[in-house]
Amino acid sequence: MSIFDGLPISREKSYLREELSRVDESWAAARFDSLPHVVHILTSKDREGEVRVLKEQSDVIEEVVDEVVHAYHGGFNKAIQNYSQILRLFSESAQSIGVLKVDLAEAKKLLGAHNKQLHQLWYRSVTLRHIISLLDQIEGIAMVPACIEKLIAEKQFYAAVQLHVQSALMLEREGLQSVGALQDVRSDLTKLRGTIFYKVLEDLHAHLYNKGQYSSVVSSINESDDAIPTSAAITFSMNYSLSLSRRTRSPNNDLGDGTYLNEDGTMDLHENGGAGARDAKNPSRQIPMWLSDSTPDEFVEAMRKSDAPLHVKYLQTLVECLCMLGKVAAAGAIICQRLRPTIHEIITTKIKAQAGRLNGPGPGLGHAALPLATGLHNLKGRLESHQLLKQKRQNGVSVTGSLLTTSPVSNVMSPNGTAQIAAKKLLDSILDTIVRIFENHVIVGELLESKSSQQVNLNTPNAMAADISWNHDSDASHDTGGYTIGFSLVVLQSECQHLICEILRATPEAASADAAAQTARLASKVPANDKSDGSEDGLTFAFRFTDSSVSIPNQGADHGRQGWRRSPNVQEGYGTGAVLPEQGIYLAASVYRPVLQFTDKVASMLPEKFSQPGNDALITFTENFVKDHFLPTLFVDYRKSVQQAISSPASFRPRASAAFYTPSIEKGRPVLQGLLAIDSLAKEVLGWAHAMPKFAGDIINYVQTFLERTYERCRTSYMEAVLEKQSYMLIGRYDIDNLLRLDPASECLPNALDQFRESIASDAESTGVEMELSKILLDLRPIRQENLIRDENKLILLASLSDSLEYVADSIERLGQSSSKAYDYVEENTTHHSRKKGEPPKDLASFAEEYRKLAIDCLKVLRMEMQLETIFHMQEMTNRQYLDDQDAEEPDDFVISLTSQITRRDEEMTPYVADVKRNYIFGGICGIAANLSLKALAEMNSINLFGVQQICRNTIALEQALAAISSIDSEVVQMRLDRVRTYYELLNMPFEALLAFISEHGYLFTAEEYTNLLEIQVPGREIPADAQKRVAEILSG
């Protein structure tokens, strides 16, 4: 782009642009240097041509200049005219300013002349304004007492306190102190200060114990908020300053009832349309009802923005009122005085109300009907016991007769009895009420402590009658009149401890072993005339607390007028007997869990700075009581009951309520009375362990002790039945014990043998075990009668003892599983108040195994006894000569005796053992009888045809007797005894027929048994000399 492009050249002379474009731009440089051009012309070959070109360019530039001048000539003229006009206007302005200066000088002279007169008028107007302001203030203050009384009647306490404080400050202003007409107003305000204080304190007292209009019980119903508020809900006002700031007092300060105090002292009367009206469209940010007439300030704004529950806001408002009145210490002292009697009254009232509900509504009954509850509960307990006895009485035999006599507690006081349920329900209800009350005390205690240092000391007591030190921080305690969170917790736990003592029928002095030591320690810390309820290092409440006697100067008349007289210490009981069927030490089980939950709730509510070991005094007392009193009593009482249960003559006397065995205890399982009683006592004792998981280890140890004693008693009964008997000595032999374990019949025994038993590979191995065991038993012949158990009652006792031991073992296993769960629960839920973990209890499964082993020994003895009894009878075969000359119609006498004994014992044992166990007891008879019958042939010298028929008849009789036993497989019996008959019937065959049989059925009998067939003398049968050799060749081939 060329520098000449912007020149105003007309279209007619557009050629000038082309000419200009040929001009070198160096000619238009800001600093033109002509030397290069001169040198260029001088050195050029055509000097004249170069000069001519320069002339042409000069002409073009001149022509362009003419065009530019022609184009801008009109604009130059107009600019000159404008400059002339501006110059004229400046000249006229200078003239006007000169005139104005003259006028101002004249005005200044006139004002100076009237200055003194204006100053006098201004001073008069200020004086009149101040007089009018004082008159307005006097008129407004005269109306304040009536406004305060109206606000008090409407329970607008904060507005009343605001108005009182502002009016009191106004009366102290200069100019109003000397006004005589305001002396009555000052007197009225002084009286109203006391009235407001006691009204606020009365409402605070009602809300502390959830009896007020905005209490947590009511608000929780409206807001559906059951959660316990923590200190976080009230911390927003902890650092709030009670003194009104300058920003709060200006520009307007409300005196209540629509009266506002201006900054200059005047009062305006208008409708109160503060933040409540502005926030009417936002319900979540509305001012609470009790602050609707209050002057908006920092506290009201904080209440409006707070998300705390309604009752917390109201408690904060009441404490704020006390602080503005300078009555924090006085309020704290009165709360301290009334705390214990109020709690006692609340507990007593709650118990009476519950007793009234139990009795049912009735006109005209009143308090006279309350004692009837005890009788109704006792009658209910007796009816329950009677129904239980009637339910478990079958066929005229009571299976619970011993239970009712051995249990140290009644059915009502049992772990799941009505007394336990009623006590837990009562204590849950009362402790829940105490927790809600303590929640309010935590809120108020923190507020009073935070406000005590900020209060305006207006008519605050200068001295106290006693040196109150409820908490470790004595200064804070004095500032709040002795009231602290720690003090309220001590008193609440003290009353709960006395309630628990009444339920347990325990005196406070007996509740702790170190009561005297604690009392002495406290006496050394506290002055003799100081009866404070506080203590250090975790009180266990071994003595009755007394309230501190606090006197507040200048408040005695108000105390009497307002009805706040200190109530005497209430020493009477709570009347728990009206709602509990029974009272006593065993109710500690129903007390423990409510107290544990109460302690956890209290610990979660306490601010962190108040957390100290002494706060869990109630659970410490309860745990110490359980450890030092309840557990020893429980052990002694149940040990005595166990001893009575196992030492009674009827404890180990078998009784059957039905002709057949039933596995259900409800339907009459014939468990021995002693073991049934022990099982019930063990379950009952473990019921106490479930109620108090922390002490489950100790209680389970008690159960183990009882089970050990019971086992020793069962072992004694077992030994009395089997002592010096051959069956007992045989099962103790190592070889026989191993064979019994390998015997397939042992599979029906309880699980105690599973870890020793090996699986049987084949029937051949099973037969080998049976043959080996039979050989050992048959080698014991002759069996003597004195070595057998001939007393049928002992055999029935062993059968019943075996089943009873197995029943108890199964029950112990179930109890062991539940007790381990209870112990795991306490290990997983050990809280801060647990001093140490209990020792892990020994596994009850080991006791169950011991009981099972003894039950198995009983069954082994019975099985062995029946096998020895069979050998004892069948061994007569070897002493008898089977050479009868005629066919007998009856079996041998020893067979008849054996079969009748088998039938009789089966009938007697049927009600006491299950079929599978009877099969084990009687199942060994068939095998031992068959083996003995085969082996007896070798011990005979001769036998004839009638002798063979007699032996076959004996086997048939034995088969019939064994087949009559329902639990025995008759096919197996028939197969084994058929083998015996087949064996003896071979004696009737000729030798050649016998060889043919051996060649076809050589596996049926052993080579020795075939040899015995050849060696015995049978009349009429001829046996060649090489008979044994030929039989051996057949068997080997």
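Residues numbered from 1 in each chain as written. Predicted model: local features only at pLDDT ≥ 70, side-chain atom pairs only at ≥ 80, totals over all residues. Heavy atoms only, no water.

Where an unreviewed UniProt entry is consulted, the protein appears under the name Exocyst complex component Sec8, with the organism given as Sesamum alatum. For the protein, the Function (unreviewed entry) comment in UniProt is given as "Component of the exocyst complex involved in the docking of exocytic vesicles with fusion sites on the plasma membrane." (UniProt positions renumbered as here; feature names shortened; annotations may be inferred.)

Peer 1: When you look at helix α23 (residues 673-691) in this model, what are you seeing that I'm missing?
Peer 2: Note that an α-helix has 3.6 residues per turn; residues three or four places apart therefore point the same way. Taking 1.5 Å of rise per residue, 19 residues should cover 27 Å, and α23 covers 27 Å from first to last C-alpha, within 8% of that figure. Taken across its 19 residues, α23 has 16 buried, putting it largely inside the fold. (Helix = DSSP H or I, 4+ residues; strand = E, 2+ residues; numbered from the N terminus. Expected span 1.5 Å × (residues − 1). Buried < 20%, exposed > 50% of the residue type's maximum accessible area, 1.4 Å probe, protein only.)

Peer 1: I'm lost on the nonpolar core in this one. Help?
Peer 2: One recurring pattern in soluble globular proteins: nonpolar side chains tend to sit buried together. Grouped together as the largest cluster of nonpolar side chains are 242 residues, with contacts concentrated most on F630, M877 and Y984. Apart from the residues within four sequence positions on either side, F630 is in contact with I585, Y586, A588, F625, W688 and M692. Ranked by size, the runner-up nonpolar core spans five residues in total, among them I9, L16, L20 and V64. (Core = buried A, V, L, I, M, F, W, Y, C linked by side-chain atoms within 4.5 Å. Contact = heavy atoms within 4.5 Å.)

Peer 1: Looking at this structure, how should I read a negative patch on the surface?
Peer 2: A surface patch of negative charge is lined by E56, D59, E62 and D66. Within the element layout of this structure, E56 appears in helix α3 (residues 47-113). Residue classification places E56 among the partly exposed positions, given a relative accessible area of 47%. (Patch = residues over 30% accessible without salt bridge, like charges linked within 9 Å, V, L, I, M, F, W, Y side chains within 5 Å. Areas by Shrake-Rupley, 256 points an atom, 1.4 Å probe, with all protein chains shown as cover. Salt bridge = Lys/Arg side-chain N within 4 Å of Asp/Glu carboxyl O. Lys, Arg positive; Asp, Glu negative; His and termini not counted. Charge placed at Lys NZ, Arg CZ, Asp CG, Glu CD.)

Peer 1: What is the right way to read the pattern of salt bridges from this model?
Peer 2: Pairing between side chains of opposite charge can happen when the charged atoms of each approach one another. Tallied over the entire structure, the rule returns 34 salt bridges. Between D428 and K424 there is a salt bridge, and its shortest N-O distance comes to 2.9 Å. You can see D428 and its partner K424 sitting in helix α16 (residues 418-452), four residues apart, about one turn around the helix. The salt bridge partner of D737 is R741, with a shortest N-O separation of 2.9 Å. Taken together, the residues D737 and R741, both in helix α26 (residues 734-742) and four residues apart, mark about one turn of the helix. A relative accessible area of 15% means that D737 is categorised as buried. A relative accessible area of 18% places R741 in the buried class. Salt bridges linked by common partners bring R790, E792, E869, R904 and R905 together as one network.

Peer 1: What's the story with the side chain of Q875 in this structure? I'm lost.
Peer 2: Structurally, Q875 can be placed in the loop between α29 (845-874) and α30 (893-909). According to the relative accessible area criterion, Q875 is buried, its value standing at 9%. Polar side-chain contacts of Q875 include one of 3.0 Å to the backbone nitrogen of I783. Setting aside its immediate chain neighbours within four residues, Q875 contacts R781, P782, I783 and L932. (Polar contact = N/O pair within 3.5 Å; in protein donor to acceptor, adjacent residues only side chain to side chain.)

Peer 1: What is the right way to read the packing of aromatic side chains from this model?
Peer 2: The description of an aromatic ring pair uses the distance of the two centres, along with the angle that the planes make with each other. Scanning the model with the defined rule gives 18 aromatic pairs in all. Residues Y718 and Y728 carry aromatic rings whose centres are separated by 6.1 Å and whose planes lie at 75 degrees to one another, so their mutual orientation is edge-to-face. Taken together, the positions of Y718 in helix α24 (residues 696-722) and Y728 in helix α25 (residues 726-731) put the pair 10 residues apart, joining distant regions of the chain. According to the relative accessible area criterion, Y718 is buried, its value standing at 1%. Each ring, one from F1005 and one from Y1010, has its centre 5.8 Å from the other, and the planes form 90 degrees; the classification is edge-to-face. (Phe/Tyr/Trp six-rings, centres within 6.5 Å; stacked < 30°, edge-to-face > 60°.)

Peer 1: What is the right way to read the confidence of the model for the protein from this model?
Peer 2: Summary statistics for the protein give a mean pLDDT of 76 and a share of 73% for residues scoring 70 or more. Looking at the elements of the protein, mean pLDDT is at its lowest for helix α9 (residues 246-249), recorded as 34, and at its highest for α30, recorded as 93. In the predicted structure, residues 455-474 sits below a pLDDT of 50 and forms 53 contacts with residues beyond four places in sequence or in another chain. Within the model, pLDDT remains below 50 along residues 510-571, and this stretch shows 119 contacts once partners closer than five positions in the same chain are excluded. (pLDDT = per-residue confidence, 0-100.)

Peer 1: Help me understand the packing of helix α7 (residues 183-208) against helix α12 (residues 310-325) in this model?
Peer 2: The description of two packed helices rests on the angle between their axes and on the distance between the axes. Direction vectors running N to C along α7 and α12 enclose 150 degrees, while the axes themselves pass 10 Å from each other. Taken as axis vectors, α7 and α12 run roughly antiparallel relative to one another. Seen from above, α7 lies across α12 with left-handed handedness. In this structure, α7 contributes R193, I196, F197, V200, D203, L204 and H207 to the contact, and α12 contributes Y314, L315, L318, C321, L322 and L325. Within the contact of α7 with α12, the residues separate by chemical class into 10 nonpolar, one polar and two charged. (Axes fitted to C-alpha atoms, helices over the stretch in contact; angles between N-to-C directions. Parallel < 35°, antiparallel > 145°, perpendicular 65-115°, else oblique. Left-handed = near helix turned anticlockwise from the far one by under 90°. Nonpolar A, V, L, I, M, F, W, Y, C, P; charged D, E, K, R; others polar.)

Peer 1: Can you walk me through a nonpolar patch on the surface in this structure?
Peer 2: Among the surface-exposed residues, I61, V65 and V69 lie close enough to one another that they form a single nonpolar patch of about 230 Å² accessible area. Checked against the element boundaries, V65 lands in helix α3. What makes V65 partly exposed here is its relative accessible area of 42%.

Peer 1: Help me understand unusual backbone geometry in this model?
Peer 2: Glycine aside, the phi torsion of most residues is negative, and most peptide linkages are trans. Look at the link from R781 to P782: it is a cis peptide, with omega at 0 degrees. With respect to the element layout, P782 can be found in the loop between α27 (763-778) and α28 (792-828). Look at N210: it is not a glycine, yet its phi comes out positive at around 55 degrees. Positionally, N210 belongs in the loop between α7 and α8 (216-223). The residue E724 is not glycine, and still its phi comes out positive at about 65 degrees. Relative to the elements of secondary structure, E724 occurs in the loop between α24 and α25. Under the relative-accessibility criterion, E724 is labelled exposed at 62%.

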